[in-house]
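# A closer look at the structure
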Amino acid sequence: MTRGASLAAAVCAALGADLLIGAPPASAQCAAPAGVYREAMGWAQRLTDASGTWPIADGTGQLLAVVGTGIDADNDQFGPGQVVPGSDLGDCDGRGTFAAGIVGARPDPATAFAGMAPGARLLGIRYTETRSGGGDPAPDALAGAIRRAVDAGATVILVAVPAPRTSPALEDAVRDALAGNALVVSPAVGNEPGTRSYPTGLPGVVAVGALDPSGAAVQDESGPHLSIAAPGADLSGLSAGARGGLGHRWGVDGPAFSAAYVAGAAVLVRSYRPGLSPEQVSERLARTASHPPNGHDPRLGWGVLNVGAAVAAELPEDPSALQLPNAPAPPVATVRPAAGPAPLPDHEPLPGWLALLGVAAAALAVVARATIRLGKARGWRPGSRRSP
């Protein structure tokens, strides 16, 4: 098997293999819910909990394009009209729906699961179905999907299914998206050292690594292009095939879904700070991450996503600190939580450098107070939030 074919197989295998029930091929069976998730908030949701920012930033005014396998809008945690006209509806594969739910699922009293930016609008764009026997994700088809997202006015483009190789068309599409003020977020899903996913490996893209509940990297793809890390194992989220009701999957392993958490944070940042360019949003995400002890980690980037700090922290204005591949480690914005995070159930404790992620859990009230003060200074008043 050639190196390219091996990477293609690894990409397909890494994209969340247990979203479908049972062994039959996609032509015989589509994604379906395992049930309604009624357990306590899972570790990944606790780590990336953004509810404290919702009074001033819940994604309102932002359009997230989910590029992959489409979105099944017929899940009750998507609000009326939240999945916008022009979306590719229906998602037999299930990956697009799961990724979209991580970002945009609206709170419901019947479940602990909710998305990070429930005020965001969602645009589903299907360019591949990795279970349909149609071959590997094609970079030129992905390029066309990214262009569709830009034409629709997407402010954040989440590549839920990356390709195992690049092409001139894909590189041009990414450059044009960034020039058009759209931030592109893509996961690193390669299971072989030295390989890259695309557009993850292209300049300007927020390249996301994945970690498990112990803080260890999930994927083998590594390199200076990795910017940040987010959960990619033992995940909970929305399922396709809910048929108008609630429907979830949990215990899902898929490093590709790490990019959805980072895209959700980017939507919140752009909602609260609409004047920032894609480069500035990428910089904030990297500079506010919970940094590993030795600077840039080749598999986890500048550290683990810290949603509260990304939205709320006031960073020194230093254009020279813009995060770029192979650049020196950006300055760390220190946010001191009021208390350490609660222990995660049924897992080993997280590494010491990851403990700062308590900002997104136990210290969320501190972040909320800070963001609300900033919001009032910018003219925000209670009740002023617009409906999406």
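Looking up the protein in an unreviewed UniProt entry gives the name Peptidase S8, with the organism given as Saccharopolyspora elongata. The record held by UniProt for the protein lists under Sequence similarities (unreviewed entry) the comment "Belongs to the peptidase S8 family."

## Structural notes on helix H5 (residues 168-179)
The first and last C-alpha atoms of H5 sit 17 Å apart over twelve residues, in line with the 16 Å expected at 1.5 Å per residue. Of the residues making up H5, those classed as buried are Leu170, Ala173, Val174, Ala177 and Leu178. The buried residues of H5 occupy one face: seen down the axis, they fall within an arc of 130°. When the buried face of H5 is taken as reference, the exposed residues oriented beyond 90 degrees from it are Pro168 and Ala179. In the core, the buried residues of H5 are packed alongside helix H4 (139-151), strand E3 (156-159), strand E4 (183-187) and helix H7 (278-287). Immediately beyond the C-terminal end of H5, within one or two residues, lies asparagine 181, with a positive phi of roughly 75°.

## Some words on the packing of H4 against H5
The packing of two helices is summarised by the inter-axis angle and the distance between the axes. At a minimum axis separation of 8 Å, H4 and H5 run at an interaxial angle of 20°. When the interaxial angle is binned, H4 and H5 end up roughly parallel. Both H4 and H5 take part in a crossing whose hand is left-handed. Seen from H4, the contacting residues are Pro139, Asp140, Leu142, Ala143, Ile146, Arg147 and Val150; seen from H5, they are Ala169, Leu170, Asp172, Ala173, Val174, Asp176 and Ala177. In terms of residue class, the contact of H4 with H5 is built from ten nonpolar, no polar and four charged.

## A look at unusual backbone geometry
Cis geometry is adopted by the peptide bond preceding proline 199, which originates at tyrosine 198 and carries an omega value of 15°. With respect to the helices, strands and loops of the structure, proline 199 is situated in the loop between E4 and strand E5 (206-211). A positive phi angle is found at asparagine 181, which is not glycine, with a value near 75°. Mapped onto the elements, asparagine 181 comes out in the loop between H5 and E4.

## Structural notes on the sheet that holds strand E2 (residues 121-126)
If you trace the six strands from one edge of the open sheet to the other, you get E2-E1-E3-E4-E5-E6, paired in parallel fashion. Of all strands in the sheet, those with a lone pairing partner are E2 and strand E6 (228-231), marking the two edges. Strand-to-strand twist across the sheet, computed as the mean angle between neighbouring axes with direction ignored, equals 25°. As paired elements, E4 and E5 share three bridges and run parallel to each other. When the bridges of E5 are listed, proline 187 appears paired with valine 208. Sheet contacts for H4: strand E1 (63-68), E2 and E3; angle to E2, the most-contacted strand, approximately 155°. The strands touched by H7 are E4, E5 and E6; relative to E4, the strand with the most contacts, the crossing angle is about 45°.

## Remarks on the environment of arginine 249
Mapped onto the secondary structure, arginine 249 falls in strand E8 (residues 248-252). Separated by ten residues in the primary sequence, arginine 249 and serine 239 have C-alpha atoms spaced 5.7 Å apart.

## Thoughts on the nonpolar core
If you look at the biggest cluster of nonpolar residues, it comprises 88 residues, and the most contacted ones within it are Leu64, Ile157, Val185, Val262 and Leu285. Sorting elements by how many residues they give to this core places helix H6 (residues 258-272) first, with eleven residues.

## Details of the pattern of salt bridges
Summed over all chains, the structure comprises seven salt bridges. Between aspartate 176 and arginine 147 there is a salt bridge, and its shortest N-O distance comes to 2.9 Å. With a gap of 29 residues between them, aspartate 176 in helix H5 and arginine 147 in helix H4 connect regions that are remote in the sequence. Accessibility expressed as a relative area gives 39% for aspartate 176, which makes it partly exposed.

## Section: H6
For H6, with 15 residues, the first-to-last C-alpha span of 22 Å sits near the 21 Å given by 1.5 Å per residue. The element H6 is extensively covered by neighbouring structure, given that 15 of its 15 residues are classed as buried.

## Things to note about the packing of H6 against H7
Where H6 meets H7, the axes come as close as 10 Å, and the angle between the chain directions of the two elements is 120°. One element, H6, and the other, H7, form an angle in the oblique class. Between H6 and H7 lies a crossing whose hand is right-handed. Together, Val262, Ala265, Ala266, Val269 and Arg270 of H6 and Pro278, Val281, Arg284 and Leu285 of H7 make up the contact between the two elements. Of the residues in the contact of H6 with H7, the class split is seven nonpolar, no polar and two charged.

## Considering the pairing of E3
Burial of the side chains of E3 extends over both faces: Val156 and Leu158 are buried on one face and Ile157 and Val159 on the other. Pairing of E1 with E3, which is carried by four bridges, proceeds in the parallel orientation. When the bridges of E3 are listed, alanine 65 appears paired with isoleucine 157. Where E3 lies against E4, three bridges are found, and the strand directions are parallel. Residue pairing across strands places isoleucine 157 opposite valine 184, the latter belonging to E4. What joins E3 to E4 is H5, and the crossover it makes is right-handed.

Procedures and definitions
Here the residue numbers are simple positions, counted from 1 along each chain's written sequence. Two thresholds apply to this predicted model, a pLDDT of at least 70 for residue-level local features and 80 or more for giving and counting side-chain atom pairs, whereas whole-chain, interface and lining totals are computed over all residues. Heavy atoms from the whole structure form the basis of all side-chain values; hydrogens and water molecules are not counted. UniProt positions are given in the numbering used here, feature names are shortened, and annotations may be inferred rather than shown by experiment. Strands are runs of DSSP state E lasting at least two residues, helices are runs of H or I lasting at least four, and both sets are numbered from the N terminus onward. Any helix carries an expected span of 1.5 Å times its number of residues minus one. Exposure categories follow from relative accessible area, calculated using a 1.4 Å probe and restricted to protein chains: below 20% of the type maximum is buried, above 50% is exposed, and the middle band is partly exposed. Throughout, the arc means the angular range of directions from the helix axis out to the C-beta atoms. The contact criterion used throughout is that any non-hydrogen atoms of two residues lie within 4.5 Å. In this description, a line fitted to the C-alpha atoms serves as the axis of each element, helices being fitted only across the stretch in contact, and the angle between N-to-C directions of two axes falls anywhere from 0 to 180 degrees. Roughly parallel covers angles under 35 degrees, roughly antiparallel covers those over 145, roughly perpendicular covers 65 to 115, and oblique covers all other angles. In a left-handed crossing the near helix is turned counterclockwise from the far helix by less than a right angle, and in a right-handed crossing that turn is clockwise. Nonpolar residues are Ala, Val, Leu, Ile, Met, Phe, Trp, Tyr, Cys and Pro. Charged residues are Asp, Glu, Lys and Arg, and all others, Gly as well, are polar. Paired strands are those between which DSSP finds at least two bridges. Each nonpolar core is a collection of buried residues, namely Ala, Val, Leu, Ile, Met, Phe, Trp, Tyr and Cys, held together in the definition by side-chain atoms within 4.5 Å. Criterion for a salt bridge: a side-chain nitrogen of Lys or Arg within 4 Å of a carboxyl oxygen of Asp or Glu. Classification remark: right-handed applies to a crossover when, strands pointing away from the viewer, the course from the first strand over the helix to the second runs clockwise.

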